[in-house]
Amino acid sequence: MSIAALHLALKPCFGSTGAMTSVARTPFRCRYHTAGDISGHAGRVLDRAPPLQPPAPGSRPLQIAVVGAGAVGAASALWLARSGQRVTLFDRLGPGEGASYGNACSFATYAVHPIARPDTLRKLPRMLVDPESPLAIRWRHLPDLAGWLARFLWASRPSRVAEIEQVLASLMSMAESGWRPLLEESGADSLLRRRGCLYVHGSRASHEAAALAVAEDRGLGVDAELISAEQLHEMEPRLNRSLTAHGAVYYPSGVHVVDPRRLVRLVVEEAMRRGATLRKADVTALHQRPDGRVELRSAVSPDAETFDRVVLAAGAWSRRLAGRRGPPLETERGYHVMFTQDHDVLSRPTAWEPVGFYMTPMDDRLRVAGTVALASLDTPAPQRPLDTLELAPRHAGPRPRPLRSPVVGF
């Protein structure tokens, strides 16, 4: 294995931004895992993954490049540095940018249901025309999406959904233990708030139907509670009662982050204290040599650098480095808008289930996220998802004021 994406237990669930992946081949001798890759045999794959070990006495540490200093890259770099490897971390923007900044700020370990599922397909026609839909598609990009959409449809079969749910539950069960030592050692645990999270229902029918979903969650090891409207308003008294009159699902294990960029930077700083090196540079090419080592070229150096291993953790940008035969990534462009929160509108992340947006309190600010667009990396942001987010806080009672321009995360 010469190029690896080490984001099984390391990957946090910061919310709805990032790259979407599915099964593929790659031009490198590569091991990367997605839910699609390992469904049906998750236990065997996870059991087979060896723990990180320090170099054996008398042997040299591995020279490892980590491409991407977001949440996945930062966690990978720190774990590798802790195991005694020599780590160089590359990012064109610096730590904690892109999707690791522009997200819903939530460690959503309860999120064990894939987006690709039969009920998503049933909702899709309405989502494409509803002005408050969380989804937008650039129709000019549709030919490029065709292959990915076909795999999305194939993954939506009920039998496949059940397999993927088991895989996601296995991965999510390791997320907290995988992140805990990194956050404690770096001091980033001070940025966490352990208050759970709410999914608010928009109708009596959806609230009643959620009883089955709660049972499914519990069957997958997720702690979930169906609560009444009265219980909901006791927990979040500033919610608009006329729009939240049907109750919610409460996930007690939900944890949110008041500053995701700062969290990632603290983890990177700890990796650097353990010997890792940070380069603010755009990696432009990877080439595998006959001996299995990898040559890496960046925009700041005319000469290639050679590494024993490369961790490719650049999110949606990884496709350009992995090549045509790499994992078939498509870009899910996520958006958020920041609002003032002078009067503590919310105390915990709260999702509005009918349209899928997510409101997260961040000290004196409120971040609203959850709308996405399927489009290329270079396409300008469409207006409709941003308009939807601007309207979202009306569900939170006294409407907060927008604080800054909308942010796009990849």
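As a reminder, the structure under discussion sits directly above these lines.
Residues numbered from 1 in each chain as written. Predicted model: local features only at pLDDT ≥ 70, side-chain atom pairs only at ≥ 80, totals over all residues. Heavy atoms only, no water.

> For this particular structure, what's the right way to read the pattern of salt bridges?
Close approach of charged atoms allows side chains of opposite charge to pair. Counted according to the given criterion, the structure contains 17 salt bridges. Among the salt bridges present, the one from Arg-82 reaches Glu-185, with a minimum N-O distance of 2.7 Å. Pair noted here: Arg-82 is in helix α3 (residues 71-82) and Glu-185 is in helix α6 (residues 158-186), with a separation of 103 residues, a long-range link. Measuring nitrogen to oxygen at the nearest pair gives 2.7 Å for the salt bridge that ties Arg-273 to Glu-270. In this pair, Arg-273 and Glu-270 are both assigned in helix α9 (residues 260-273), 3 residues apart and thus about one turn of the helix distant. Among the residues examined, Arg-273 registers a relative accessible area of 55% and is labelled exposed. According to the relative accessible area criterion, Glu-270 is buried, its value standing at 9%. (Salt bridge = Lys/Arg side-chain N within 4 Å of Asp/Glu carboxyl O. Helix = DSSP H or I, 4+ residues; strand = E, 2+ residues; numbered from the N terminus. Buried < 20%, exposed > 50% of the residue type's maximum accessible area, 1.4 Å probe, protein only.)

> Looking at this structure, I do not really get the packing of α6 against α9. What am I missing?
How two helices sit against one another is set out by the angle between their axes and by the gap between those axes. Between α6 and α9, the least distance of the axes is 9 Å, while the angle of their chain directions is 80 degrees. When the axis of α6 is compared with that of α9, the two are roughly perpendicular. Together, Trp-179, Leu-183, Glu-185 and Ser-186 of α6 and Leu-263, Leu-266, Val-267, Glu-270 and Arg-273 of α9 make up the contact between the two elements. (Axes fitted to C-alpha atoms, helices over the stretch in contact; angles between N-to-C directions. Parallel < 35°, antiparallel > 145°, perpendicular 65-115°, else oblique. Contact = heavy atoms within 4.5 Å.)

> Explanation requested: the sheet that holds strand β6 (residues 106-107) in the structure shown.
The strands making up a sheet associate through backbone hydrogen bonding, with each pair oriented either parallel or antiparallel. Judged by pairing direction, the sheet is antiparallel, and its 3 strands sit side by side in the order β6-β12-β8 without closing on themselves. Single-partner strands in this sheet number two, and they are β6 and β8 (192-193). Of the strand pairs in this sheet, β6 and strand β12 (residues 255-257) are connected by 2 bridges, and their pairing is antiparallel. Residue pairing in the sheet places Ser-106 in a bridge with His-256 of β12. (Pairing = 2+ DSSP bridges.)

Worth remembering: the numbers are spatial, not functional.
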